[in-house]
Structures are given as C-alpha cells and as structure tokens.
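Next come the chains, spelled out residue by residue.
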Amino acid sequence: GAARGWVPSWSDDDGAARARAVFAAAFGKADPGPGDEPSGDHPGEVDVWAAPGRVNLIGEHTDYNAGLCLPIALPHRTYVALRPRTDSVVRLASAQAPGETWTTTLDDVAPGTVAGWGSYVVGVAWALRGHLVAQGADPAAITGFDAAVDSSVPFGAGLSSSAALECSVAVALDDVAGLGLAATDGGRATLAAASIRAENEIAGAPTGGMDQSASLRAQAGQALLLDCRPGLDPVESAEQVPFDLDAVGLALLVVDTRAEHQLVDGQYAARRATCEDAARTLGLDSLRELADDVATRDDPAGALDVALEKLPDDVARRRVRHVVTEIGRVRDLVALLRDGRPDAVGPLMNASHASLRDDYEVSSVELDVAVDAARVAGALGARMTGGGFGGSAIALVRTDQVEAVADAVRTAFEREGLGAPGFLLATPSAPAERVA
Ligand code: ADP
Ligand code: MG
C-alpha cells in the first residue's frame, strides 16, 4: 500500500494482471477462462508489455545544450495490455483515466488533430508508421489496436510517466507488427526516436529525449550516460555505466514533493533561450563546446571565467556557469562510478543542487527542504532532479538509513507547512519489454 507516502513498484505479474483487468472491463474478455488453454496464441488472451519511468542522477538542463545526462530506469513501470485490430481504429482505457474510453482512427492522427492522454499512445503508432514510410516499408503494418493501461509511475512527479506510457506502447507495437526493433540497442534507439516524436509533435510537449532513451535503453544495475549532441550516431550516444547500489549497501531515495508550480513552461523556454543566446554571443553552436573546451584546460575555472566575461549580464553568466559546470559534474560522477566508488558521488550531487538553486534558479521551497532534511539525516548527497519548480528530489542513502531519512523529510515538510511528500526507492531497473 501507500503507507506513510511510500509508492511501491509492482511485480510484472501484478502489473500484467492489472492491465488485463482494465482491458477486460473496457473491451471484454482478456484472460483465458478456467477451462481454456493458457497459451499466448489463445484468442481470448491479450499480451502485456511494460516500460519504466526514470530518474536522472545528474546532468540537469544540459540536454538542450548538447550536453550529458545520466538517468536510470525505475522499478516503477507502466503496463499495457494490447491487442491488434484488423482495421485502424484505436480504443484506449487507463486505470489512471477511469470511466473513459479514448477512441480515434489511426489514419486521422497528425500534429494538432488529437488531444488528451491518448495522444501519447497514438502518437507512437503515427511515428512508427512514419518510420516505416521512411524505410520504404508498408506503414499499414501498424494497424489499429485496443489497449489498456495501468501504471505504478506517479503522474507529473518528474519521473516520466509520459515516456513510460509511450515506450510501453512502442515495444508493444514493435512486437505485434513484427518489426523486431526492440531486439537490438540500435532498434531501441529508433523506438525512442518514435516516442520522442509522439511526445513533441502529437502530444505537443516540447521535451528533450532523455526520458524515452532511459525507458528503452537503460539496463538493470546500470546508469545510462547520454550524450545529447545532435547528429551523433544514436547507438554511440548512449553508454552503460555500472550503478549497482545494492552491492555497496546504498539506496537511492526519491522524494516526490507533490508540488506543482505555475509558469513552468515559460521558465523552461526562458532558460533555453538564454543558453542559445549565450552560445551565439560566444560564437559557438552550443554550450557543450564551451564545456568541452574548458575541460581540456589546466585551469578550467579560470578558463570558464574568461568566457563568462564576454556575456552581457549576470543572469546569462550564471545560467552558462550552471550548464558548463554541470556537464563537468556528469563526467566526474561517471568517472567515480567506473572506478567502483558510488559512495563517493554525494558531494557532486550536492554541488549540482546548489548550482540549480543559485545559478540556474529552478529549485523550489519543497525541493530545498527535501534536500536539506535528507542531508541533515545522513544522506551522502541530495539534489533536485528533473526540470525543477516542483517534481522530485533524490538522496543517496545507506540502506539502513532509508526510513530515518524519509521520516526526517516528512517531518521537515510538516514543520514548513508543506503537503505530505511521496517516497520511492529507485533501484536501477530493466528497460521496456514484454512481460506476459
Ligand atoms: P511526467 O512525465 O513527469 O509524469 P507529464 O506531464 O510529462 O509528467 O506526463 C503526464 C501525462 O501523461 C498525464 O497527464 C497523462 O496525459 C499521460 N499519462 C501518463 N501515464 C498515463 C497513464 N498510465 N494513463 C493515462 N495517461 C497517462
Ligand atoms: Mg513527461
């Protein structure tokens, strides 16, 4: 249960059973009956796929600066029970949108034609059809479908329930259409690209590509180092980095502040524009070029200061300083993990938070309270994660201190008069796959 704010992940059996139950309620029989053969080919049975939410360890507001980020896949997953149709009708049900069946015809889907949560789902089908056309293949391989969803990924907590939904559908459609893309990392990069197009062009949310890459390409026990330079070969833009916390008696505690702030979209656009203007002023394509240049110098901090002096105002200087130092912190954190020292990454997490709070100005009262309380209670490091202005924070904690740190955060929220937070344990987990 959700005792004291804990948000449990589900076993795949449980998740599959839940998705099938939603399917049965919306569209009729989903499971083989007692006398039926329990075979995957059984006409009454519906297969189930799952895809995880994600949390970013470090590398915030770096993706649109062609930088680096380091997400892991959560054990919390979105489950989709899906049955292809012979026509191009799509019917959708979700436990998170009770009492409503979302319907459209795939042939009508294009940017601007659909709205609501179903747009994340049909957007993926639309993008996969586009991929087939680009390959000179028949787009009709992607048919209509009936699908039912249930999810243990919290909504709007910055843990990417949207990508979990898209990517569960991506692997489902890949499977039922026999495309075989999920079988290779390169194919998964293609599925990620389709999911990103679904979110940007059909759902209309202007996000980077970290979430979908993590959901489709992260591995259990690993963090995914993503290089966001456009034009990189997609296979070469992702690397696995060992992140087995269990083995060293550590856990990653996620605090969902359950706080949403207004003006988030405008703030995001403003940060992006400031970074792009600064790169132009410095004669660069992206701030990544400055980060790479600074990293090769004997005195990186001094080299950064020289570049910052060329910028017109203090706000631009602080924004750029965040991006450049954050890309450096991703590199430093990855080096520690590769060196087998996950227990040593706390100070980098703390520095990331300070930079996001003071230089990039995207933290919030709730995030600062969570981070401070976790550290006081013994966390090795803590930071906000995701875009900011609400959402979630992460804390690296010794396994035997998890409850004490969660208690301390809960108490601090009460003391500050904030609403009760949620808690998750972020064990680095497996990517999107078929589960039943
Ligand atoms: P986040 O991805 O951080 O959780 P977003 O705002 O990007 O937040 O995505 C949340 C939206 O994604 C929801 O408002 C809903 O439209 C859609 N969504 C995600 N998961 C589900 C689900 N299980 N059922 C229905 N809609 C979902
Ligand atoms: Mg999202």
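Overview of the structure. (Residues numbered from 1 in each chain as written. Chains lettered and ligands numbered in written order. Predicted model: local features only at pLDDT ≥ 70, side-chain atom pairs only at ≥ 80, totals over all residues. Heavy atoms only, no water.)

Once that is clear, we can look at the overall build of the chain. Looking only at helices and strands, one finds twelve helices and 13 strands in the chain. A globule of 436 residues ought to have a C-alpha radius of gyration of about 22 Å, and the chain, at 22 Å, matches this closely. In terms of overall dimensions, the chain has C-alpha extents of about 70 × 50 × 40 Å along its principal axes. In the chain, the share of contacts with a sequence separation of at least 24, taken over all contacts with a separation of at least 6, comes to 71%. When the accessible surface of the chain is summed, it comes to about 17300 Å², and 50% of that surface belongs to carbon and sulfur atoms. A gap of 3 Å separates the mean positions of the 36 positive and 62 negative side-chain charges of the chain. (Helix = DSSP H or I, 4+ residues; strand = E, 2+ residues; numbered from the N terminus. Rg over C-alpha atoms; globule rule 2.2 N^0.38 Å. Contact = heavy atoms within 4.5 Å. Areas by Shrake-Rupley, 256 points an atom, 1.4 Å probe, with all protein chains shown as cover. Lys, Arg positive; Asp, Glu negative; His and termini not counted. Charge placed at Lys NZ, Arg CZ, Asp CG, Glu CD.)

This paragraph deals with the site of ligand 1. Looking at ligand 1, there are 15 residues lining it, with S94, Q96, G156, S161 and S162 nearest. G158 has a polar backbone atom sitting 3.3 Å from an oxygen atom of ligand 1. Contact with the protein chains removes 78% of the 570 Å² of surface that ligand 1 exposes when unbound. Breaking the shell around ligand 1 down by element, the ones donating at least two residues are β6 (145–151) and α3 (161–176). Considering each element in turn, the shell around ligand 1 owes the most residues, three residues, to α3. (Near = heavy atom within 4 Å. Polar contact = N/O pair within 3.5 Å; in protein donor to acceptor, adjacent residues only side chain to side chain.)

Turning our eyes to something else, we now look at the packing of helix α11 (residues 365–376) against helix α12 (residues 402–415). In helix packing, the relevant descriptors are the interaxial angle and the interaxial distance, both defined with respect to the helix axes. Interaxial distance between α11 and α12 falls to 8 Å at its minimum, and their mutual angle equals 140 degrees. It follows that α11 is oblique to α12 by the angle criterion. Crossing of α11 over α12 shows right-handed handedness. Each of E366, V369, A370, A373 and A374 in α11 lies in contact with α12, whose residues at this interface are V405, A408, V409, A412 and F413. Residues that form the contact of α11 with α12 fall into these classes: nine nonpolar, no polar and one charged. (Axes fitted to C-alpha atoms, helices over the stretch in contact; angles between N-to-C directions. Parallel < 35°, antiparallel > 145°, perpendicular 65-115°, else oblique. Left-handed = near helix turned anticlockwise from the far one by under 90°. Nonpolar A, V, L, I, M, F, W, Y, C, P; charged D, E, K, R; others polar.)

Attention now goes to the packing of aromatic side chains. The relative placement of two aromatic rings is captured by the distance of their centres and the angle of their planes. This structure, assessed with the given rule, holds four aromatic pairs. Plain terms: the ring middles of W6 and F423 are 5.6 Å apart, the flat faces sit at 40 degrees to each other, and that makes the pair tilted. One end of the pair, W6, is in the segment before α1 (12–27); the other, F423, is in strand β12 (residues 422–425), and 417 residues separate them in sequence. With respect to burial, W6 and F423 carry one shared label: buried. Plain terms: the ring middles of W10 and Y79 are 6.1 Å apart, the flat faces sit at 25 degrees to each other, and that makes the pair stacked. Remark: Y79 occurs in strand β3 (residues 71–84) and W10 occurs in the segment before α1; sequence separation between them is 69 residues. For W10, a relative accessible area of 13% corresponds to the buried category. Here the basic side chain of R18 rests over the ring of W10, its NZ or CZ set 3.9 Å away from the ring centre. Lying across the ring of Y360, R271 places its NZ or CZ 5.9 Å from the centre. (Phe/Tyr/Trp six-rings, centres within 6.5 Å; stacked < 30°, edge-to-face > 60°. Buried < 20%, exposed > 50% of the residue type's maximum accessible area, 1.4 Å probe, protein only. Lys NZ or Arg CZ within 6 Å of the ring centre and 35° of its normal.)

Read across the sheet, four strands follow the order β10-β11-β9-β12 without closing on themselves; strand pairing throughout is antiparallel. Only two strands of the sheet have a single neighbouring strand rather than two, namely β10 (381–385) and β12. Along the sheet, successive strands turn relative to each other by an average axial angle of 25 degrees, direction set aside. One ladder, built from four bridges, connects strand β9 (residues 250–260) with β12; its direction is antiparallel. Bridging from a neighbouring strand, V255 pairs with F423 of β12. Running over the sheet, α11 touches β9, β10 and β11 (390–398) and is turned about 5 degrees from β11. Helix-sheet contacts for α12 involve β9, β11 and β12, and the interaxial angle to β9 is about 20 degrees. (Pairing = 2+ DSSP bridges.)

What follows deals with helix α5 (residues 210–217). Quick reminder: α-helices carry 3.6 residues per turn. Residues three or four places apart thus point the same way. Across the eight residues of α5, eight count as buried, placing the element largely inside the fold. Every buried residue of α5 is accounted for by M210, D211, Q212, S213, A214, S215, L216 and R217.

Moving on, we get to the side chain of D63. Within the secondary structure, D63 is located in the loop between β1 (47–56) and β2 (68–69). No salt bridge is formed by the buried D63; its nearest oppositely charged neighbour, R272, is found at 6.3 Å. Other than its neighbours up to four places away in sequence, D63 contacts G208, G209 and C228. (Salt bridge = Lys/Arg side-chain N within 4 Å of Asp/Glu carboxyl O.)

Time to look at unusual backbone geometry. Of note, the phi angle at A66 is positive, near 60 degrees, even though the residue is not glycine. Mapped onto the elements, A66 comes out in the loop between β1 and β2. Note on A66: relative accessible area 8%, which makes it buried. Located in the positive-phi region is E361, a residue other than glycine, with phi close to 55 degrees. Locating E361 in the fold gives a position in the loop between α10 (346–359) and α11. A residue is classified by how much of its surface remains accessible, and E361, at 36% relative accessible area, is partly exposed.

Taken as a whole, this structure holds zero disulfides when the rule is applied. Summary of cysteine pairing: C167 is not part of a disulfide, and the nearest cysteine sulfur, belonging to C69, is at 14 Å. (Disulfide = S-S within 2.5 Å.)

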